[in-house]
Amino acid sequence: MEKVEILVVGAGPAGLSAAMEAAKLGAQVRVVDENQKPGGQLFKQIHKFFGSKDHLAGTRGYEIGSALLKNTVEMGAKIDLNTVVYGIYPDRQVGIITADKSHQLLQAEKIILATGASENVLAFPGCTLPGIMSAGAVQTMVNIHRVLPASNVLMIGSGNVGLIVSYQILQAGGHVRALVEAAPQIGGYGVHAAKISRAGVPILTRYTIKCAYGTDQVEGATIIAVDDSFKPIGGTEREFSVGCIAIATGLTPLAELASLCGCTFTYVPRLGGMLPIHSEDMETTVPGIYVAGDITGVEEASTAMEEGRLAGIAAAAALGHVSAEKANLMKAQVWSRINTLRTGKFGQYRQEAKGKIMNERRALIVN
Amino acid sequence: MRVHQHPILGALKDEVWVNIEVDGTTICAREGEPIAAAIMANGRLKLRHTRKRQEPRGVFCGIGRCTDCVMTVDGQSNVRTCVTAVKAGMKIQTQGMTGDGEAEEWKK
């Protein structure tokens, strides 16, 4: 059986960062990803990132992705694409289907799960019509594949995904007829909301989608105002002729592999649902299994990259590639950057939720 | 609708354009792009029909998880077109249409 020191599952921002740090410290690292291309969702992020200079603020997502990929490969990590992990067995034996569709069992000393998240669906009459897509799928189509699903789009959800993808639809020459949000206030950053407002997109808070209609594909939608308890208010319906409805109603961590490993989970609705409990080193309740990025709770690429670094450093240190003392110093620097990212109106609840997750891990280990 | 010009990403360039066949009609596609993107660029969003009720479906998740975009590609059924790359000369068919033997079977 082929042996690998550190196996990273997922070549997105978290997985690549983990691989880069671990390989830099001298570990033998193999990254596997089921997709044709590495980078996860970084390459479709054509906007400039926020934060400070330490967080690469002012740099566009795809530029961050290119640099990260280049560094990871330069550090000697091996990246296998079109490669699917189908099972993780006791003692970290990993079953994979390789790009040529053959089967392989790997023996990993440490495993870092950086599998990301998938977008939530929203159920309403007509929601299965072609043209009703997750906002992330629209973003991939527009920014990576250079295809607009339709010229007129209705966006559902005012979190950062809904706001950013709306702007990117405009950049590609499309029209966003309205952005609909059931809550009384906009979910994402004001600066993103302001950009689409200035471009003339109506942001309709306290509205939800009532139904979509069309024959072979979506042709229009009816939205309706909701009261304080999110009940539709009759007589407030509005119609929009659109060929695409983008759904930006949150994401759920892709945590199946952590579940297969027997990791203990906790439920944190605001971070996306069931999450594997992890320590400050990003280690789960199963020794040798680490997690990083959206699988640990849905946040942003910036925090995913920092969590990846933590997992990479911790796994390499556990294998003896770096002294505990030096590793602690490196991890402290990463933690200080993460703590900066998790501040303010939007970061505070993430900081609290993450603290709760790590406390649960401590309590489990102590008991 | 193809986005040829883009304020951030610039003009589409260095593309290899190939022909693929979708339900008997030849369309132009970018080599290597997902089959679903090529079909979408040609103005069609419906990719399959459900087996029992013949309802139309298209791309939802775009990351190969929801399987709502499956089509028959070069004789292989249930291929996820949102994560399967275009190759020149591919023959693609819509699944689950009335008259499709499998669909008739499922209606019983």
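Everything numeric in this text was worked out from a predicted model, so none of it was measured.

## Some remarks on the overall build of chain A
Here comes step 1: For chain A, the helix and strand inventory stands at nine helices and 19 strands.
Here comes step 2: Scaling as 2.2 N^0.38, a compact globule of 367 residues should have a C-alpha radius of gyration of about 21 Å, and chain A matches this with 21 Å.
Here comes step 3: Considering only C-alpha atoms, chain A reaches an extent of 65 × 45 × 35 Å along its principal axes.
Here comes step 4: Expressed as a percentage of its 367 residues, the buried residues of chain A come to 50%.
Here comes step 5: For chain A, the proportion of contacts with a sequence separation of at least 24, taken over those separated by at least 6, is 64%.

## Considering the sheet that holds strand β7 (residues 91–93) of chain B
Within a sheet, neighbouring strands are paired by backbone hydrogen bonds and run either parallel or antiparallel to one another.
All names here are of chain B.
Here comes step 1: An order of β2-β1-β7-β5-β6 is seen for the five strands of this open sheet, with the pairing classed as mixed. Whereas interior strands pair on both sides, the edge strands pair on one side only; in this sheet they are β2 (25–30) and β6 (76–80). Each strand axis lies, on average, 40° off the axis of its neighbour in the sheet, ignoring direction.
Here comes step 2: Relative to β7, strand β1 (residues 17–22) runs parallel, the two being bridged by two bridges. From the neighbouring strand, Glu-21 faces β7, where its bridge partner is Lys-91.

## Focus: the interface of chain A and chain B
Here comes step 1: The interface is formed by 27 residues belonging to chain A together with 28 residues belonging to chain B.
Here comes step 2: Of all elements in the fold, only β7 (117–119), β8 (132–134) and α3 (135–144) of chain A reach the threshold of two or more residues within the side of chain A that touches chain B.
Here comes step 3: With five residues, the top contributor of residues to the side of chain A that touches chain B is α3(A).
Here comes step 4: Residue composition of the side of chain A that touches chain B, grouped by class: 11 nonpolar, 13 polar and three charged.

## Let's talk about the pairing of strand β17 (residues 265–268) of chain A
All names here are of chain A.
Here comes step 1: As judged from the four bridges shared by β17 and strand β18 (residues 273–276), these two strands associate in the antiparallel manner. Bridging across to β18, Val-268 finds its partner in Gly-273.
Here comes step 2: Counted along the chain from β17 to the antiparallel partner β18, the turn is four residues long, and its residue Gly-272 has a positive phi close to 115°.

## Notes on the nonpolar core
Residues and elements named next belong to chain A.
Here comes step 1: Counting 67 residues, the largest nonpolar core has Ile-112, Leu-113 and Tyr-290 as its most contacted members.
Here comes step 2: At 11 residues, helix α7 (residues 301–318) tops the list of elements feeding residues into this core.
Here comes step 3: If near-sequence neighbours (up to four positions away) are discounted, Leu-113 is found in contact with Val-9, Leu-257, Ala-258, Ile-289, Tyr-290, Val-291 and Ile-295.
Here comes step 4: Listed in part, the 66 residues of the second largest apolar core include Met-141, Ala-150, Val-201 and Tyr-207.

## Topic: the domain arrangement of chain A
All names here are of chain A.
Here comes step 1: Domain boundaries in chain A define domain 1 (2–118 + 251–366) and domain 2 (121–247).
Here comes step 2: Look at where the C-alpha atoms of domain 1 and domain 2 centre, and you get two points 31 Å apart.
Here comes step 3: Across the boundary between the two partners, domain 1 contributes five residues, which contact seven residues of domain 2.
Here comes step 4: When the residues that make up the side of domain 1 that touches domain 2 are grouped by side-chain class, the tally is two nonpolar, two polar and one charged.

## Here's the deal with α7(A)
All names here are of chain A.
Here comes step 1: Taking 1.5 Å as the rise per residue, α7 with 18 residues should run 26 Å; its terminal C-alpha atoms sit 25 Å apart, in good agreement.
Here comes step 2: Counting buried residues in α7 gives 18 out of 18 residues, a clear majority hidden from the surface.
Here comes step 3: Once α7 ends, the next one or two residues include Gly-320, with phi positive near 85°.

## What about unusual backbone geometry?
Here comes step 1: Phi at Arg146(A) takes a positive value of approximately 60°, unusual for a residue other than glycine.
Here comes step 2: Here Arg146(A) shows up in the loop between α3 and β9 (152–156).
Here comes step 3: Its identity as a non-glycine residue notwithstanding, Thr67(B) has a phi of 60°, on the positive side.
Here comes step 4: Locating Thr67(B) in the fold gives a position in the loop between β4 (56–57) and β5 (70–73).
Here comes step 5: Using a count of 13 C-beta atoms within 10 Å as the deciding quantity, one classes Thr67(B) as partly exposed.

## Section: the sheet that holds strand β13 (residues 220–225) of chain A
Residue and element names in this part refer to chain A.
Here comes step 1: The sheet built from three strands is open, its strands ordered β12-β13-β14 with antiparallel pairing. Each having just a single partner strand, β12 (207–213) and β14 (238–240) make up the two edges of the open sheet. On average, each strand axis in the sheet is inclined to that of its neighbour by 25°, with strand direction left out of account.
Here comes step 2: Pairing of β13 with β14, which is carried by three bridges, proceeds in the antiparallel orientation. For Ala-221, the partnering residue across the bridge sits in β14 and is Phe-240.

## What to know about the environment of Asp74(B)
Here comes step 1: Along the chain, Asp74(B) turns up in the loop between β5 and β6.
Here comes step 2: Beyond its immediate chain neighbours, meaning those up to four positions away, Asp74(B) contacts Met90(B) and Lys91(B).

## Considerations on the pairing of strand β2 (residues 29–32) of chain A
Residues and elements named next belong to chain A.
Here comes step 1: Along β2, one buried face is formed by Val-29 and Val-31 and the opposite face, lined by Arg-30 and Val-32, is buried too.
Here comes step 2: Of the strand pairs in this sheet, strand β1 (residues 2–9) and β2 are connected by four bridges, and their pairing is parallel. Its bridge partner lying in β2, Val-9 is registered against Val-32.
Here comes step 3: Between the parallel pair β1 and β2, the chain is carried across by helix α1 (residues 13–24), and the sense of this crossover is right-handed.

## A word on helix α2 (residues 61–74) of chain A
Residues and elements named next belong to chain A.
Here comes step 1: End to end, α2 covers 20 Å across 14 residues, agreeing with the expected 20 Å (1.5 Å per residue, within 8%).
Here comes step 2: Regarding α2, the residues found buried are Gly-61, Ile-64, Gly-65, Leu-68 and Thr-72. For α2, the buried positions fall inside an angular range of 100° around the axis, keeping them on one side. Exposed residues on α2 whose side chains face more than 90 degrees from its buried face are Ala-67, Lys-70 and Glu-74.
Here comes step 3: Of the surrounding elements, those touching the buried residues of α2 are α1 and α7.
Here comes step 4: Two residues or fewer past α2, Gly-76 is found with a positive phi of approximately 100°.

Thresholds applied
Residues numbered from 1 in each chain as written. Chains lettered and ligands numbered in written order. Predicted model: local features only at pLDDT ≥ 70, side-chain atom pairs only at ≥ 80, totals over all residues. Helix = DSSP H or I, 4+ residues; strand = E, 2+ residues; numbered from the N terminus. Rg over C-alpha atoms; globule rule 2.2 N^0.38 Å. Buried ≥ 20, exposed ≤ 12 C-beta atoms within 10 Å, placed from the backbone. Contact = placed C-beta atoms within 7 Å. Pairing = 2+ DSSP bridges. Axes fitted to C-alpha atoms, helices over the stretch in contact; angles between N-to-C directions. Nonpolar A, V, L, I, M, F, W, Y, C, P; charged D, E, K, R; others polar. Core = buried A, V, L, I, M, F, W, Y, C linked by C-beta atoms within 7 Å. Domains from an automatic or database assignment. Expected span 1.5 Å × (residues − 1). Right-handed = clockwise from strand over helix to strand, strands pointing away. Arc of directions from axis to C-beta.

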